[in-house]
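# Coordinate inspection notes
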Amino acid sequence: MNKRLRHFASDNNAGIFPEVLTAMQEANEGHVTGYGDDPFTLKARQAICDLFEKECAVFFVSNGTTANCLALSVVMRSYHGVIVHEHSHIETDECNALGHFIPGAKTIVVSGEMGKIDPDRIRHVIDLQRKVHGSKPRAISLTNATELGTVYRSEEIETISQLAKSLALFLHIDGARFANAVASVGCSPADLTWRSGVDALSFGGTKNGLGFGEAIVFFEMEVAQEFAYRMKQSGQLASKMRFLSAPWLALLKDGLWLERAKHANRMAKNLADKVKRLPETKVLFPPEANAVFVKLRRSAIDSMHKIGWRFYTDVGPGAGARLMCSWDTTEQDVEDFVEDLKGCLVR
């Protein structure tokens with residue numbers, strides 16, 4: 001029987017911050033008005049506005065796929081396309097949910113080094129769309145941190161934003177690991193979003209200590225004037241909304257969200273540094289957030305799986321193992337993994 005308590009398969013596999021569990025327990029006291037008209041949701045919205053130093057329209061939904069698709073739905077119609085990276089979550093891991101939320105809408109895929117969209121590719125792919133006959137580009141969605149564990153800096157986002165504005169395109173960020181991106185870059189959340197020209201953010205909480213739930217943040221209020229109707233129609237207007245929103249109060253209090261993300265990033269850097277010293281290994285991308293991609297021979301991967309370690313080998317390009325660190329990854333977890341891998345590599 002596998003007795004390991006922690007793995008490197010996904011930051012989704014980690015548990016909930018103890019502080020978040022306490023917040024949910026506090027929200028469970030007494031009767032509270034439903035559908036988001038409650039003090040917990042109002043305070044959580046304000047906390048997010050304070051974090052971004054701006055009045056924003058904030059909505060709490062159950063998961064990241066919903067957050068991405070609903071955020072884009074405010075500007076996209078059935079004949080529109082959203083430009084995404086070929087390894088983005090929207091393209092590879094959301095079962096074309098975009099086409100479900102916005103019937104007819106599609107992704108327009110572009111490439112780019114290190115999991116980042118190449119701005120030159122944006123113009124190129126737009127030029128390839130035949131007017132009327134092809135889907136009309138309407139938005140760009142960046143992933144930060146990317147699916148390959150790299151991070152967009154504010155200047156990179158600003159470059160794409162300026163291009164987007166010149167082409168009348170909406171700029172969205174899939175921020176499932178936005179905390180890890182902010183922790184990596186070291187700037188403010190505002191600098192990495194609206195000050196760089198971002199229109200909307202899917203702000204991830206699940207991968208950073210919540211049990212469930214993400215926040216959709218629109219940086220211009222008028223964009224979201226009728227968004228509550230989209231929430232209701234898509235089944236995301238939770239009747240007991242406080243259990244989606246109250247955890248955010250604990251997550252954001254005293255910078256906890258950023259502190260734990262920094263820890264996960266440190267563990268990934270530590271893991272990468274140790275793994276790359278082993279024979280027959282190659283770290284494939286800079287470990288800028290909480291992911292380490294390493295090339296291993298198949299026999300070593302199989303041996304590690306037999307021991308009981310869990311990690312994915314089907315994420316991103318090429319034959320590599322993706323090792324995700326979490327808010328609760330420990331130094332000992334890293335040491336144990338590396339020691340076992342060392343043994344598997346010499347067999």
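### As for the pairing of strand β9 (residues 291-295)
The buried fraction of β9 is high, at 4 of 5 residues. Two elements, strand β8 (residues 282-283) and β9, share 2 bridges in a ladder whose sense is antiparallel. Considered in β9, the bridge of V283 is made with V294. Pairing analysis gives 4 bridges linking β9 to strand β10 (residues 321-324), with the strands arranged antiparallel. Residue pairing for β10: F293 is matched across the bridge by R322.

### Comments concerning the sheet that holds strand β2 (residues 80-85)
Adjacent strands of a sheet pair through backbone hydrogen bonds, lying either parallel or antiparallel. The strand order across the open sheet built from 7 strands is β1-β7-β6-β5-β4-β2-β3, with neighbouring strands paired in mixed fashion. Strands at the two margins of the open sheet, each flanked by one partner only, are β1 (57-61) and β3 (106-110). In this sheet, adjacent strand axes meet at a mean angle of 25° when their direction is disregarded. As judged from the 4 bridges shared by β2 and strand β4 (residues 136-143), these two strands associate in the parallel manner. Residue pairing in the sheet places I83 in a bridge with I140 of β4. Helix α2 (residues 39-52) rests against β1, β6 (200-204) and β7 (214-218) of the sheet, and its axis sits at about 125° to β1. Here helix α10 (residues 242-252) sits on the sheet in contact with β1, β6 and β7, set at roughly 110° to β1.

### A look at the side chain of T146
Along the chain, the position of T146 falls in the loop between β4 and α7 (154-166). A polar contact of 2.7 Å, which involves the side chain of T146, links it to the side chain of T150.

### Describing unusual backbone geometry
Here the residue pair N144 and A145 is connected by a cis peptide bond, since its omega of 0° sits within 30 degrees of zero. Structurally, the position occupied by A145 is in the loop between β4 and α7. Its identity as a non-glycine residue notwithstanding, Y35 has a phi of 60°, on the positive side. In this structure, V132 takes a positive phi of about 70° despite not being glycine. You can call V132 exposed: its relative accessible area is 80%.

Cut-offs used in this document
- Residues numbered from 1 in each chain as written.
- Predicted model: local features only at pLDDT ≥ 70, side-chain atom pairs only at ≥ 80, totals over all residues.
- Heavy atoms only, no water.
- Buried < 20%, exposed > 50% of the residue type's maximum accessible area, 1.4 Å probe, protein only.
- Helix = DSSP H or I, 4+ residues; strand = E, 2+ residues; numbered from the N terminus.
- Pairing = 2+ DSSP bridges.
- Axes fitted to C-alpha atoms, helices over the stretch in contact; angles between N-to-C directions.
- Contact = heavy atoms within 4.5 Å.
- Polar contact = N/O pair within 3.5 Å; in protein donor to acceptor, adjacent residues only side chain to side chain.

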